[in-house]
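# Report on the structure
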Amino acid sequence: MEAKLKKELGTTMLKSTGHAGGGCISEGQSYDTDHGRVFVKINHKSEAKLMFDGEMASLEAILKTETVKVPKPMKVIELDTGGCVFVMEHLDMKSLNKYSKQLGEQLADLHVHNKRRMEKQNKEQQTVGNGARQTETAPVEKYGFGVNTCCGYIAQENKWQSDWVLFYSQQRLQHQLNLVEKSYGDREARELWAKLQLKIPEFFTNVEIVPALLHGDLWGGNTAECADGPVIFDPASFYGHSEFELAIAGMFGGFNSSFYSAYHDKIPQAPGFEQRSQLYQLFHYLNHWNHFGGGYRGSSIRIMKNLLK
């Protein structure tokens, strides 16, 4: 692997720094090179390239918004032995602590970035005459993403849809429930879903949803801070409803009240927020059920029952 890395990165020096990191899915290691320090994620699964290509596209998209810090992605490299590595900027990170409030503000900025671009474009189009300057790149008006991304190692179907409720029902929940059906053939889950999918539109009456660029997997383990502010990493991005982002944050903790109040100062909670939060947590519980087994079945079933009350 190291010979391949040297060749692909154009470096004669490749020295492990002893900084290791990683989660449930991939392992990671930092190296010093001729061009500075890099962080390398390694995964030997057959889905590794799809996963890392999606992560690279996610980091590039977040980087372009200039709202919240992420590691700069460099290169996805296929290994001759199977699997893949993903090379990115090395950041000196420690646990999120003093920058929680700033992360709340910056995450809200990320979520309204596309909306602001839409408003700017509308304003420019209303300017009389041909002198109106067009925004560099057009804002995104649908839900989805340019490539498939993975939440964990399970691919997310990011085909563009103009209707958020359809996108979320079919390309998030239905997809996960199909995998549950395939692995477990769970009759109760099947019957509850048959009823719940008919009710989902009710949770969105009188709610305005503008496509927002999401990190997509923002739990405490994917946040940190550097000397100059907060940083987020391991994204599974797509354009969706900003409320979706806060669901997994609420499930596994790691975010204090200053984070939430700073976020909601910029994006106030809309009516029905609590119920939709459960609906969005359902995706993550199903995804965990599909990744880690039946320990997450109970939470998935409980949420479906709650939402049907």
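Every value quoted in this text rests on a predicted model; they were computed, and no experiment measured them.

Turning to its location among the elements, Ser100 is positioned in helix H3 (residues 100-126). When its relative accessible area of 5% is taken as the criterion, Ser100 is described as buried. Excluding its chain neighbours within four sequence positions, the residues that come into contact with Ser100 are Asn256, Ser258 and Phe259.

Even without being glycine, Glu66 reaches a positive phi, approximately 55°. For Glu66, the position within the fold is in the loop between helix H2 (48-65) and strand S4 (73-78). Phi is positive for Asp234, which is not a glycine, with a value near 50°. Along the polypeptide, Asp234 turns up in the loop between strand S10 (229-232) and strand S11 (238-240). The exposure class of Asp234 is partly exposed, given its relative accessible area of 28%.

Another point: the side chain of Gln171. Take Gln171: it is sitting in helix H4 (residues 164-184). From its side chain, Gln171 meets the backbone oxygen of Glu157 in a polar contact 3.0 Å long. Each residue touching Gln171, except ones within four places of it in the same chain, is listed here: Glu157, Asn158, Lys159, Gln161 and Leu166.

The next thing to look at is the packing of helix H8 (residues 273-292) against helix H9 (residues 297-308). Across the interface, H8 lies against H9 with an axial gap of 9 Å and an inter-helix angle of 155°. Comparing the axis directions of H8 and H9 gives the class roughly antiparallel. As H8 runs across H9, the sense of the crossing is left-handed. Taking contact as the criterion, the partners of Gln275, Gln278, Leu279, Gln281, Leu282, Tyr285, Leu286 and Trp289 in H8 are, on H9, Arg297, Ser299, Ser300, Arg302, Ile303, Met304, Asn306 and Leu307. Here the residues of the contact of H8 with H9 are counted per class, giving 8 nonpolar, 6 polar and 2 charged.

Every second residue of strand S9 (residues 223-226) is oriented toward a common face, with Thr223 and Glu225 on one face and Ala224 and Cys226 on the other, all of them buried. Two strands pair when backbone bridges link them, and S9 and S10 are joined in this way by 4 bridges, in the antiparallel orientation. When the bridges of S10 are listed, Thr223 appears paired with Ile232. The turn joining S9 and S10, which pair antiparallel and follow one another in sequence, is formed by 2 residues.

Under the defined criterion, the tally for this structure stands at 19 aromatic pairs. When the ring of Trp164 is compared with that of Phe167, the centres are 5.6 Å apart and the planes differ by 20°; the resulting orientation is stacked. Within this pair, Trp164 and its partner Phe167 are both found in helix H4, separated by 3 residues, close to a single helical turn. Residue Trp164 shares its accessibility class with Phe167, and that shared class is buried. The interplanar angle of 20° and the centroid separation of 5.6 Å between the aromatic rings of Trp164 and Tyr168 together place this pair among those described as stacked. Highlighted residues: Trp164 and Tyr168, both in helix H4, separated by 4 residues, approximately one helical turn. Taken individually, Trp164 and Tyr168 each receive the classification buried, so the pair is uniform in this respect. Through a chain of ring-to-ring contacts, the aromatic side chains of Tyr143, Trp164, Phe167, Tyr168, Phe204, Phe238, Phe244, Tyr280 and Phe283 assemble into a single cluster. One residue, Arg172, lies across the ring of Phe238, its end atom 4.3 Å from the ring centre.

Moving on, we get to the nonpolar core. Note that soluble globular proteins tend to have their nonpolar side chains buried in a common cluster. Trp164, Leu173, Phe204 and Met304 are the most contacted members of the largest nonpolar core, which totals 72 residues. Apart from residues no more than four positions distant in its own chain, Leu173 is found in contact with Tyr168, Trp193, Ile200, Leu279, Leu282, Phe283 and Leu286. Grouped together as the second largest cluster of nonpolar side chains are 11 residues, Leu9, Val38, Ile42 and Ile77 included.

Calculation notes
Residues numbered from 1 in each chain as written. Predicted model: local features only at pLDDT ≥ 70, side-chain atom pairs only at ≥ 80, totals over all residues. Heavy atoms only, no water. Helix = DSSP H or I, 4+ residues; strand = E, 2+ residues; numbered from the N terminus. Buried < 20%, exposed > 50% of the residue type's maximum accessible area, 1.4 Å probe, protein only. Contact = heavy atoms within 4.5 Å. Polar contact = N/O pair within 3.5 Å; in protein donor to acceptor, adjacent residues only side chain to side chain. Axes fitted to C-alpha atoms, helices over the stretch in contact; angles between N-to-C directions. Parallel < 35°, antiparallel > 145°, perpendicular 65-115°, else oblique. Left-handed = near helix turned anticlockwise from the far one by under 90°. Nonpolar A, V, L, I, M, F, W, Y, C, P; charged D, E, K, R; others polar. Pairing = 2+ DSSP bridges. Phe/Tyr/Trp six-rings, centres within 6.5 Å; stacked < 30°, edge-to-face > 60°. Lys NZ or Arg CZ within 6 Å of the ring centre and 35° of its normal. Core = buried A, V, L, I, M, F, W, Y, C linked by side-chain atoms within 4.5 Å.

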